[in-house]
Amino acid sequence: MDAITVNHLNRVFKSTDGIIKRKVKEVVAVEDVSFEIRQGELFGLLGPNGAGKTTSVKMLTTLLIPTGGTATIMGLDVVKDAAKVRPRIGFIFGGERGLYWRLSGLDNLRYFASLYYVDEKVAKKRIPELLEMVGLKGREREKVEGYSRGMRQRLHIARALLHDPEVLFLDEPTMGLDPVGARELRTTVKNMQSANKTILLTTHYMFEADALCQRIAVINKGKIVALDTPEKLKENVQDLTVVEIELYGISQDRIARIKALDFVVDVSVEDRDQRQVLHVHTPKGPEAIPVLVENLNGLRLGRIITREPTLEDAYVRLVGGTEN
Amino acid sequence: MLNHLTANIRIFFEGAYYSYRALFRWLRPATYLASKVFAPLTMMIFFVYIGAYASGSNNASFYVIGNSLIFAASSGIFGVTMSVGGERWSGTLPYLFGSPANRWAMFVGRAVMHILDGMLGVFIGLGWGILLFGLDFSHTDPMALLLAILITTFSTSGLGLLMGCLSLITRNVMLVNNTVYFSLLVFSGANIPVAELPRWMQSISQMLPLTRGVACTRTIINGGSLADVLPLLQVEFLIGVMLTILGYFLFKVFEIQAKKKGTLDIF
């Protein structure tokens, strides 16, 4: 049995504006999304900001009612059987909110243990184990307001695991963490997967999805645009070479001109401080460089390199080029 | 079954304790003294003297008792509302609603600490009355007084639960709260005898919590027995129960509404 099944899930948000003449505005956040996640699988939902990742997770965690389609967790419908779904899932949303900052880490865990009906004896044993696992042992009696961002995020993970759920939803768990904190958290996620938990991880960090996930669904503008293993997704761009050109102050017109070249498959621009880096996907390899340079005539250019495409390139190609 | 009941009782009391500590820990001794001891004192002095000036009589006990119970209402309405609204501000609302916890235990349990806090507020108010205005308890039945205060605080907390559930669908619940709180100042008989109000206002007074509690407390402090006030206290209690039940059902309705509209984590 699949741990998670999602069938043609939709979510439309309606908002109204105006006092007398009220205008109703509809925003489609998730459109016809379908996928299945096997038990014990670490599945990534990858997409840019506003792609519909969090909305999807909210629907799967019973916090948002879909406007269309169905979804099940361990065979239970997330709307009709919401009460039965909740004890079987754990979830965290990225960011620092969602904890009681004026309580200690330990009191936060104790309170949530009672909300999840974790037996007091079990909680007494499990809480220290989880604190150890997330590296908060020795700091548990301090108030959460004194924790670093990474510590709070790790406390979130401990909270989500209190009732030993079968399915975990991690919505951008490394968002805003420093590189060391993010690496530690990824190790924790790996450990959870080895404990045979089914995990749905959302992220917009490619390397994170690549390093952790067995399969990845790329979501863009509410729709799934690709679903495969990281290796297979990379294969989509393996016939191409990426030419990276450092430059200063490229205009949209110039990007459009590069895009229009017959040997260019895709173009994306990345901002790096005052510089920009133009990523050009082309089957021509280094031979494309002279023509590209000619088309960038007049701009101050920096380093130019060619490299093999990565998952990020596959992702950029899927979600559209010029988004940073 | 019994295990589940025990677990829900645990959620009820642990929820009461932790949510109070989590959301009201800003009430350190200094802030507590300022907001719960000295601010009520100034309010009480204000109404005692304005009452004496307006009515031409010197009936301080009327205003001391009335305003002491207003402090309970303040704790019941603002405290309980914040105990639900505070979850929205701290971003914990999705985690509470994503948990399997029994909603009744989770929701109603939040009122417990505020009932105790409200009762303490009444005692502080009455204490100021003894110290500054010579409030006389020589004919008072203490158990009857305690019961009247408990029931009145409970009924106003019921109103707080009703207001609190509005936090699930709006961020601006405090605007509504202020209106309700000032309505109680006018309609409950705490500062203006209900009999002096126009008839239409009296009808509103009779529908509100606190009105009967204020009347009962005055009667008891002035020497009345529990038997004298029992019918009124029963109605006050019933109003509290009805408000709590209504609050709970609205809480359930608004939970579904918030999940439909996606407003659970807007703050």
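Cut-off values and rules
Residues numbered from 1 in each chain as written. Chains lettered and ligands numbered in written order. Predicted model: local features only at pLDDT ≥ 70, side-chain atom pairs only at ≥ 80, totals over all residues. Heavy atoms only, no water. Helix = DSSP H or I, 4+ residues; strand = E, 2+ residues; numbered from the N terminus. Buried < 20%, exposed > 50% of the residue type's maximum accessible area, 1.4 Å probe, protein only. Contact = heavy atoms within 4.5 Å. Areas by Shrake-Rupley, 256 points an atom, 1.4 Å probe, with all protein chains shown as cover. Lys, Arg positive; Asp, Glu negative; His and termini not counted. Charge placed at Lys NZ, Arg CZ, Asp CG, Glu CD. Pairing = 2+ DSSP bridges. Buried area = accessible area lost by both parts, 1.4 Å probe. Salt bridge = Lys/Arg side-chain N within 4 Å of Asp/Glu carboxyl O. Axes fitted to C-alpha atoms, helices over the stretch in contact; angles between N-to-C directions. Domains from an automatic or database assignment. Phe/Tyr/Trp six-rings, centres within 6.5 Å; stacked < 30°, edge-to-face > 60°. Lys NZ or Arg CZ within 6 Å of the ring centre and 35° of its normal.

Peer 1: Give me the overall build of chain A: which residues, what numbers.
Peer 2: Across its full length, chain A holds eleven helices and 14 strands. Across its three principal directions, the C-alpha atoms of chain A cover 70 × 50 × 45 Å. Across the 324 residues of chain A, 53% fall into the buried class. Across chain A, the fraction of contacts at a sequence separation of at least 24, relative to all contacts at a separation of at least 6, is 72%. On chain A, roughly 14800 Å² of surface is accessible, and the fraction owed to carbon and sulfur atoms is 48%. Averaged over its 47 positive side-chain charges, chain A has a centre that lies 6 Å from the centre of its 44 negative ones.

Peer 1: For the sheet that holds strand β1 (residues 2-17) of chain A, give the residues involved together with the corresponding values.
Peer 2: The strand order across the open sheet formed by four strands is β2-β1-β4-β5 (chain A), and the pairing between neighbours is antiparallel. Whereas interior strands pair on both sides, the edge strands pair on one side only; in this sheet they are β2 (23-38) and β5 (76-77) of chain A.

Peer 1: Any chance you could break down the interface of chain A and chain B for me, citing the residues and the numbers?
Peer 2: Where interface size is given, it is often the accessible area lost as the parts come together that is meant. On the side of chain B, 40 residues touch chain A, which itself brings 33 residues to the contact. Carbon and sulfur atoms supply 58% of the area buried between chain A and chain B, which totals about 3200 Å² over both sides. For chain A, the biggest contributors to the area lost against chain B are Arg 97, Arg 102 and Tyr 117 of chain A; these three give 24% of the whole. In this structure, the connection of chain A to chain B is made through one salt bridge. Across the salt bridge formed by Arg 21 of chain B and Asp 107 of chain A, the nearest N and O atoms sit 3.0 Å from each other.

Peer 1: I'd like to hear about the sheet that holds strand β11 (residues 241-248) of chain A, residue by residue, with values.
Peer 2: Residue and element names in this part refer to chain A. The antiparallel open sheet is built from four strands, whose spatial order is β12-β13-β11-β14. On the outer flanks of this sheet lie β12 (266-272) and β14 (300-307), each paired with one strand and no other. Each adjacent strand pair in this sheet contributes to an overall mean axis angle of 20°, direction not counted. Here β11 pairs with strand β13 (residues 275-282) via seven bridges, running antiparallel. In the sheet register, Val 242 faces β13, and the bridge partner there is His 281. On the sheet, helix α9 (residues 252-259) packs against β12 and β13 and is oriented at approximately 145° with respect to β12. Contacts from helix α11 (residues 311-319) reach β11, β12, β13 and β14 within the one sheet, and its direction differs from that of β12 by about 115°.

Peer 1: Give me the domain arrangement of chain A: which residues, what numbers.
Peer 2: With domains assigned, chain A is organised as domain 1 (2-229) and domain 2 (239-308). Inter-centroid distance (C-alpha atoms) of domain 1 of chain A to domain 2 of chain A is 37 Å.

Peer 1: How would you sum up the pairing of strand β9 (residues 215-220) of chain A? Please name residues and give values.
Peer 2: Residues and elements named next belong to chain A. With respect to burial, β9 is a largely interior element, six of its six residues being buried. Side chains Arg 215, Ala 217 and Ile 219 project from β9 onto one buried face, and the interleaved Ile 216, Val 218 and Asn 220 project onto a second face that is buried too. Note that strand β3 (residues 42-46) and β9 share four bridges and pair parallel. Residue pairing across strands places Phe 43 opposite Arg 215, the latter belonging to β9. Direction of pairing for β9 relative to strand β10 (residues 223-228): antiparallel, over a ladder of five bridges. Among the inter-strand pairings, Val 218 is bridged to a residue of β10, identified as Ala 226.

Peer 1: Can you explain the pairing of strand β4 (residues 68-73) of chain A? Please cite residues and give values.
Peer 2: Residues and elements named next belong to chain A. Two strands pair when backbone bridges link them, and β1 and β4 are joined in this way by five bridges, in the antiparallel orientation. Bridge pairing in β4 links Thr 5 to Thr 72. As defined by bridge partners, β4 adjoins β5 across two bridges and the pair is classed as antiparallel. From the neighbouring strand, Thr 72 faces β5, where its bridge partner is Asp 77.

Peer 1: An account of the packing of aromatic side chains is needed here, citing residue identities and associated values.
Peer 2: Within the structure shown, the criterion is met by 22 aromatic pairs over all chains. Summarising the aromatic geometry, the rings of Phe 46 of chain B and Phe 47 of chain B are spaced 5.1 Å apart at their centres and angled 80° between planes, so their arrangement reads as edge-to-face. What makes Phe 47 of chain B buried here is its relative accessible area of 16%. Through a chain of ring-to-ring contacts, three or more aromatic side chains come together here, namely Tyr 100, Tyr 111 and Phe 112 of chain A together with Tyr 17 and Tyr 18 of chain B. The lysine or arginine in question, Arg 159 of chain A, covers the ring of Phe 112 of chain A, its NZ or CZ lying 5.3 Å from the ring centre. Over the ring of Phe 62 of chain B we find Arg 218 of chain B; its NZ or CZ atom is 3.5 Å from the centre of that ring.

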